[in-house]
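# Coordinate analysis (summary)
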Amino acid sequence: MSNTVINGFSKLSREGKIRVLEQQTGSKGLASEFESFQHPVQQPVFDSFSENVVSNFHLPYSIAPNFLINGKLYHVPLVTEESSVVAAAASAAKFWGSNCGFNARVVSTLKSGQVHFLWTGKKEVLVNAFPDIKEKLIAQTAPITENMEQRGGGITDILLEDYTGELLNYYRINVRFETVDSMGANFINTVLEAMASSLKSFLSEQFSNAGECDIIMSILSNYTPECFVECHVEAPVARFEQLEAGVSAEAFVDKFITAVRIAEFDVFRAVTHNKGIMNGVDALLLATGNDSRAVEAGVHAFASRNGSYSSLSKVYVYRDTFHFSVTLPISIGTVGGVTSLHPLAKRSLEMLGHPSAQELMMILASVGLASNFAAIRALVTRGIQRGHMKMHLGNILSQLGATDEQRIKATEWFADKTVSVAAVREFINNH
């Protein structure tokens, strides 16, 4: 491998980029390998999504059917490399579909962004001038917000916040937005940058002798505690009788509740517990062309909102009825960006009935709750590895180069046995 710095890489053709990579990394055969993953029709679309594109990275596109949400049936597309995620979601959807389904509601859809700045003058100057500043910011950004306002969105509030106790001279303008069916990142950032320019101009013109304004940055926040959705399921405790062979309804529910309680105070368990929720959420975000990194960041910050990291789901029993719920901050869109460009993202939304952003939020929360239920169910009964490794058997067989005949025999052989790489390798060597 070469230590030579590559200059002008972005200006090279695809073939040129690949040729340089082969020379610099010593990895041979990249051209044919990368070519095999390019799409014969849609490649120009995929190329437009990112910089320095040399190929595509494929992930399985699966369906978890039969999600009954607020009385409506959905067959949910999921993009994930972990097969057990789809199987678990589908299993939970089937179970809860026979128990009145998932009930979800969007509580709020407000998003926010901030203009971060330093002001060397007195706080009173800013506070007293803020009504005029606010009026100017709204007026200056009116051409940008006009179209969003026509769709029912726009700026809902502008606040001045003092953080000089944490950082010398630091203030921020906190702007709340409604972006309707758009995720709104570009819209929000455009508005904030225009506001930053207006703020600096206003303070320079009106109060040049009172202090100086230094804009640090203008950016939306991916923490969206005012853009969140709730989802819950409920069923009589007796409904869990023999859900798992040999496990009584009361024993199952008691262990299930204890498992969630542990995730409320034990950060080691809470992180994995919440990851189980996001297994389903992330897979649907990817399938619909939404930003899974933004949602992940906001969700995990939300899990720490009370001062310590805790479970996002809650469970209790009241009058012999099992109640299980989740609350998730989710900022997504169903129009604009990749959701409108990626051919399969468009198909995903089509199969879901062209949902609004709020409807998709409810579907996401339902899939997250289903994934969490399935994971805890496995953990407190048969263990997570039994189901996971059986779903992983196909991957192991591919890794070990099994023939079609060996695959058929291995699937039959491991139907009631523990799956591991060593065990599968031994089976293949003997068959």
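## A few points about the packing of aromatic side chains
For the coordinates displayed, the defined rule picks out 22 aromatic pairs. Geometrically, the ring pair formed by Trp 96 and Phe 240 is edge-to-face, given 6.1 Å between the ring centres and 70 degrees between the ring planes. Of this pair, Trp 96 sits in helix α4 (residues 83-97) while Phe 240 sits in the loop between β8 (227-236) and α8 (249-265), and the two are 144 residues apart along the sequence. For Phe 240, a relative accessible area of 0% corresponds to the buried category. Plain terms: the ring middles of Phe 202 and Phe 207 are 6.3 Å apart, the flat faces sit at 55 degrees to each other, and that makes the pair tilted. Take Phe 202: its relative accessible area is 10%, and that puts it in the buried class. Feature note: the residues Phe 95, Trp 96, Phe 240, Phe 252, Phe 256, Phe 322, Phe 324 and Phe 373 constitute an aromatic cluster, connected by ring pairs.

## Focus: empty space enclosed by the protein
A full pass over the atoms with the stated rule returns one cavity of 30 Å³ or more. Of the volumes computed, that of the largest cavity is approximately 40 Å³. Around the largest cavity sit Asn 222, Thr 224, Ala 294, Val 295, Gly 298, Pro 329, Ile 330 and Ser 331, which together line it. Among the elements that take part in the lining of the largest cavity, helix α10 (residues 292-302) stands out by supplying three residues, more than any other. Here the lining of the largest cavity is composed, by residue class, of four nonpolar, four polar and no charged.

## Some details on the packing of α8 against helix α13 (residues 357-379)
Viewed as axis vectors pointing N to C, α8 and α13 meet at an angle of 115 degrees, and their least axial separation amounts to 10 Å. Between α8 and α13, the angle falls in the class roughly perpendicular. Considering the relative orientation of α8 and α13, their crossing is right-handed. The residues of α13 that touch α8, namely those facing Phe 252, Phe 256, Ala 259 and Val 260, are Phe 373, Ile 376 and Arg 377. Class assignment of the residues belonging to the contact of α8 with α13 gives a composition of six nonpolar, no polar and one charged.

## Things to note about the layout of surface pockets
Empty space within the largest pocket amounts to approximately 1400 Å³. Lining the largest pocket are 41 residues, and of these Phe 49, Leu 286, Gly 289, Val 338 and His 342 sit closest to its centre. Residue classes in the lining of the largest pocket are distributed as 20 nonpolar, 18 polar and three charged.

## Quick look at the sheet that holds strand β5 (residues 154-162)
The strands that make up a sheet pair up through hydrogen bonds in the backbone, lying either parallel or antiparallel. Pairing within the open sheet is antiparallel, and its four strands lie in the order β5-β6-β4-β7. Each end of this open sheet is capped by a strand with a single partner; those strands are β5 and β7 (213-220). The sheet shows a mean angle of 20 degrees between the axes of neighbouring strands, direction not considered. Against the sheet, helix α5 (residues 123-140) touches β4 (111-119), β5 and β6 (170-178), its axis set at about 165 degrees to β5. Across the face of the sheet, helix α7 (residues 185-206) comes into contact with β4, β5, β6 and β7 while running at roughly 170 degrees to β7.

## Section: the pattern of salt bridges
Enumeration over the complete set of coordinates arrives at 15 salt bridges. Its salt-bridge partner being Lys 123, residue Asp 162 comes within 3.2 Å of it at the nearest N-O pair. Linking Asp 162 in strand β5 with Lys 123 in helix α5, this pair joins segments that are 39 residues apart in sequence. Under the relative-accessibility criterion, Asp 162 is labelled partly exposed at 33%. Exposure remark for Lys 123: the relative accessible area of 40% places this residue in the partly exposed category. Residues joined by salt bridges that share partners form a network here, namely Lys 134, Asp 157, Arg 176 and Glu 226.

## Some words on the sheet that holds strand β9 (residues 313-318)
With antiparallel pairing, the four strands of this open sheet are ordered in space as β3-β8-β10-β9. Each end of this open sheet is capped by a strand with a single partner; those strands are β3 (103-109) and β9. Each neighbouring strand pair of the sheet contributes to a mean axis angle of 20 degrees, computed without reference to strand direction. Of the pairings in the sheet, the one linking β8 to strand β10 (residues 321-329) comprises nine bridges and is antiparallel in character. Bridged to His 232 within β10 is Ser 325. Here α8 sits on the sheet in contact with β9 and β10, set at roughly 140 degrees to β9. Of the strands in this sheet, β3, β8, β9 and β10 touch α13, which is tilted by about 50 degrees from β8.

## Points about the side chain of Asn 56
Following the sequence through the fold, Asn 56 ends up in the loop between α3 (43-47) and β1 (61-69). Among the residues examined, Asn 56 registers a relative accessible area of 16% and is labelled buried. One polar contact links Asn 56 to Gln 43, side chain to side chain, over a distance of 2.7 Å.

What counts, and at which threshold
Residues numbered from 1 in each chain as written. Predicted model: local features only at pLDDT ≥ 70, side-chain atom pairs only at ≥ 80, totals over all residues. Heavy atoms only, no water. Phe/Tyr/Trp six-rings, centres within 6.5 Å; stacked < 30°, edge-to-face > 60°. Helix = DSSP H or I, 4+ residues; strand = E, 2+ residues; numbered from the N terminus. Buried < 20%, exposed > 50% of the residue type's maximum accessible area, 1.4 Å probe, protein only. 1 Å grid on protein atoms, 1.4 Å probe; cavity = no way out; pocket = protein on both sides within 12 Å on 5 of 7 lines; lining within 4 Å. Points joined across faces, edges and corners; volume = space filled by probe spheres on them. Nonpolar A, V, L, I, M, F, W, Y, C, P; charged D, E, K, R; others polar. Axes fitted to C-alpha atoms, helices over the stretch in contact; angles between N-to-C directions. Parallel < 35°, antiparallel > 145°, perpendicular 65-115°, else oblique. Left-handed = near helix turned anticlockwise from the far one by under 90°. Contact = heavy atoms within 4.5 Å. Pairing = 2+ DSSP bridges. Salt bridge = Lys/Arg side-chain N within 4 Å of Asp/Glu carboxyl O. Polar contact = N/O pair within 3.5 Å; in protein donor to acceptor, adjacent residues only side chain to side chain.

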